[in-house]
Each structure stands twice: as C-alpha cells, then as structure tokens.
Amino acid sequence: MDFDGEDDQNKLKQFLQMLESRKGERHAVVMQDFPDPDAISCAWAYRQIVAAMGIETDLIYGGRISHQENLALVNLLKIGLTAIPSDQPLDKNRYQGSVFVDNQGTTTNLVDRLEKNGVPVLAIIDHHAQQDRLQPLFVDIRPVGACASIMTSYLALGAMNLAASNLKHKHLATALLHGILSETNSMIQAQPMDFLAAAHLQPFFDNDMLVDILHQQRSHRGMEVIRMALETREIREGFCISGVGYLRASDRDSIPQAADFLLTEETVHTAIVFGIVTHATGEEVISGSLRTTKSALNPDEFIKEGLGRAATGAFYGGGKASAGGFEIPLGFLSGSEDEELSKMKWETFNAKIRKKFFGSIGAEIPR
Ligand SMILES: [Mn+2]
C-alpha cells in the first residue's frame, strides 16, 4: 500500500489547481481556538507548501495555547502562529481567502469575523465527522487518525519534496510526526494512512527535538485541576464524569489532560471532564472534554445526543474516534459579580451536565 491511489492523486490535483489561481494572495490558515499539535503541524505544512507558489499565510487561532507540550512544540520549532483574541477585530483587507485545517469552522470563533469581512473560504482539510458550517471551494475530509496524515500525503505525492539537509523541512517533519503520534495515542488508534504518513516522515524528523517536545512537565495549575477532577469524579457503569469548577482561559488545556488521567483508572472506559472557563473578555463558557477507550462508543454521537443543540441550531460539540469536546456559552449568565451567585451557577451547571450524560447512558442519576 502506498499514497499513489487514484483518489489520493485526484485530491492533491484539485488542491493544487485551486491554489494555482490564488498566487500573490495572503491566506488565513485557521486552527481551532485551542490548537493542538495536529492542527499546528497542518497549518505549518500549508504555509510551507503554498510559500513556493507565492502565497503568504498567517496561521491564526482565536483562543490560546496553554498545554506545556504544545508551547514547547511552537517554541522549539519556531513556528510563527498568530493569536487573535475574540475581542480583536480582523484587519479588513488582510486576507483574500481562508483555509481551515483540523476543523470545519465549528470550533473557532474566528469564523464570524472572517465572514463579516467577506473572506472567501478556500479549503477545508480535516479528519472529523463532516459538518456543514462552511462551503469551501476545496474539501478533503477523511476519517483517518490525524489530519497531519492527510497533509503528509500531499507532501509524499509531490506537493513539496522534503530534503533531510533542509532544517525547515526537518522541523516540519518533526511537527507532523508529533501531530500524528499525539492524535493517534502513539499509533494505537492509527489507520493505515497514518502509518504510511509516519513512514514517509521517518527519514526526515529530528529525534532529539521530538523527545524534548514530549518531555514537558505539567504546570502547578494543571496538577490542581487533576486533583479537583479526582475529588469530584463520579463513576457509573464505566463512565467517569467530573466537574472542576472555574478555570482561567490559560488553564483550559488542563481539562483534556484531566480526562486523559481519569481514563487510566481500571474500571473506567470513558471520562468526561468539564469546567467553566472565563475568557479575557469576561465571557464564560462551559468547556468539556471526553476521552474513551470503548470502541463501541462514538464520541461525536454521544456528545450530540447527550447535550443536544443550542438555540442557533448548532450542536454544543462533537468528536472523532476516542475523543470529543463541547462548549456551552453562558451568555447572560456570564460574569461573577457575587460569590454566592457564582457558586449557585456552578452547582446548577454541574448537576445539569452530569444528569444529561448519566441520563443518556441510562445510568441512575446520582444524588
Ligand atoms: Mn486532529
């Protein structure tokens, strides 16, 4: 098996054809609000592929990077990303097109601002279940372990030939391999295409640098969130649910880390951790992560069925194999004027979310 199937070739051809007519432009390469190694490496790959075609890029995200390992990735490999906080308007004429990698516009608050500026959506390259938020010129959505594997297939088929002597290429190969490994739980959930991609990158990646990126220690706050998650967890039929209360935006990445940790308990096959995250604007959202080792459980369906839709008709979240996430904006209830009110607010959401998820597995509702 190799990347030379007709479908692979056709996809790349369409992609390059779309880019052919966009020379001289500047594109917004949009990652989810809390970019992970998969998204970061894909955005970087896009930048390097299109640079040769005379296309400039900003790699943008609307939230922040708080996971130690992701910070190490960006700093060690010197990947230039641009954070655009949700209260900051976009420069009106800066972008002639937008490209969404590792997302389809439903997990980034930049979508509305780009649309308001009339920026056309050029491409979606993703591996999550198909969503219909955007109508791009080019779509490549495949159910593989990592989006980085799709980008790597473009490289392998000739979009850009990696050279071991080129430091930028070496770093890109390292970032993409890290994306694939972190997204597939070290290849345990990898599809054949992920193995092909990893094999393609293997001759080029920087071993020492990958070790440095992976060996980051947890922050003190991260440890505290895990402690909270342990203390407040409830387990029913292998489902472990935990609410960790109020968090600063900079600690948001502790939520998936806590879910990963709860999943290591021997009777647990699925862990859900959530908290109220306060953004710099004062706006609050319930932010949650799901992790599962149960192959019969589809995180995308589970979250959509468990939480339902917002008034806008959009789902509160979704997922892919083995992982998912959700965000519930608190809107009018945002802001903590008063300690007593804040406490009541947390208790209400904490009880409601537990009830919804335990209800959807048919487990008895605690308390
Ligand atoms: Mn991904």
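Rules behind the numbers
Residues numbered from 1 in each chain as written. Predicted model: local features only at pLDDT ≥ 70, side-chain atom pairs only at ≥ 80, totals over all residues. Helix = DSSP H or I, 4+ residues; strand = E, 2+ residues; numbered from the N terminus. Buried ≥ 20, exposed ≤ 12 C-beta atoms within 10 Å, placed from the backbone. Pairing = 2+ DSSP bridges. Axes fitted to C-alpha atoms, helices over the stretch in contact; angles between N-to-C directions. Contact = placed C-beta atoms within 7 Å. Left-handed = near helix turned anticlockwise from the far one by under 90°. Nonpolar A, V, L, I, M, F, W, Y, C, P; charged D, E, K, R; others polar. Domains from an automatic or database assignment.

Draft legend 1. Geometry of unusual backbone geometry. Here the phi dihedral of asparagine 185 falls at roughly 50 degrees; this positive angle occurs in a residue that is not glycine. Among the structural elements, asparagine 185 can be located in the loop between helix 6 (167-183) and helix 7 (192-201). Residue classification places asparagine 185 among the partly exposed positions, given that 16 C-beta atoms sit within 10 Å. Of note in this structure, serine 322 is not a glycine but carries a positive phi near 70 degrees.

Draft legend 2. Main features of the sheet that holds strand 8 (residues 239-248). If you trace the 6 strands from one edge of the open sheet to the other, you get 7-8-9-10-12-11, paired in mixed fashion. The open sheet is flanked by strand 7 (234-236) and strand 11 (317-320), the only strands paired with a single partner. Strand-to-strand twist of the sheet, defined as the mean angle between neighbouring strand axes without regard to direction, takes the value 15 degrees. Bridge count for strand 11 against strand 12 (residues 323-329) is 4 bridges, and the pairing is antiparallel. Its bridge partner lying in strand 12, glycine 317 is registered against phenylalanine 326. Seen against the sheet, helix 9 (residues 220-231) touches strand 8 and strand 9 (270-278) and runs at an angle of roughly 135 degrees to strand 8. Packing of helix 10 (residues 254-262) onto the sheet brings it into contact with strand 8, strand 9 and strand 10 (284-292), and relative to strand 9 it is tilted by some 160 degrees.

Draft legend 3. The packing of helix 5 (residues 147-159) against helix 6, seen in detail. Contact geometry for helix 5 and helix 6: axes closest at 8 Å, N-to-C directions at 145 degrees. Two packed elements cross with a definite hand, and for helix 5 against helix 6 that hand is left-handed. Of the residues in helix 6, those touching helix 5 at Ala148, Ser149, Met151 and Thr152 are Leu176, Gly179, Ile180 and Glu183. Residues belonging to the contact of helix 5 with helix 6 are distributed by class as follows: 4 nonpolar, 3 polar and 1 charged.

Draft legend 4. View of the sheet that holds strand 6 (residues 138-141). Across the sheet, 6 strands lie side by side as 3-2-1-4-5-6; this open sheet has parallel pairing. For this open sheet the edge positions go to strand 3 (82-83) and strand 6, each flanked by a neighbour on one side alone. Looking at chain direction, strand 5 (residues 121-126) and strand 6 are connected through 4 bridges and run parallel. By the bridge assignment, isoleucine 124 is partnered in strand 6 with valine 139. Set on the sheet, helix 2 (residues 37-51) makes contact with strand 1 (26-30), strand 2 (56-61), strand 4 (97-101) and strand 5; between it and strand 2 the angle comes to about 170 degrees.

Draft legend 5. Examining the domain arrangement of the chain more closely. Its domain assignment divides the chain into domain 1 (6-214) and domain 2 (221-360). If you average the C-alpha positions of domain 1 and of domain 2, the two centres end up 27 Å apart. Residue-level contacts link 13 residues of domain 1 with 14 residues of domain 2. Residue classes in the side of domain 1 that touches domain 2 are distributed as 3 nonpolar, 8 polar and 2 charged.

Draft legend 6. Layout of the pairing of strand 11. Side chains of strand 11 alternate between two faces, with Gly317 and Gly319 and Gly318 and Lys320 buried alike. Between the end of strand 11 and the start of strand 12, which pair antiparallel, lie 2 residues, with serine 322 showing a positive phi angle near 70 degrees.

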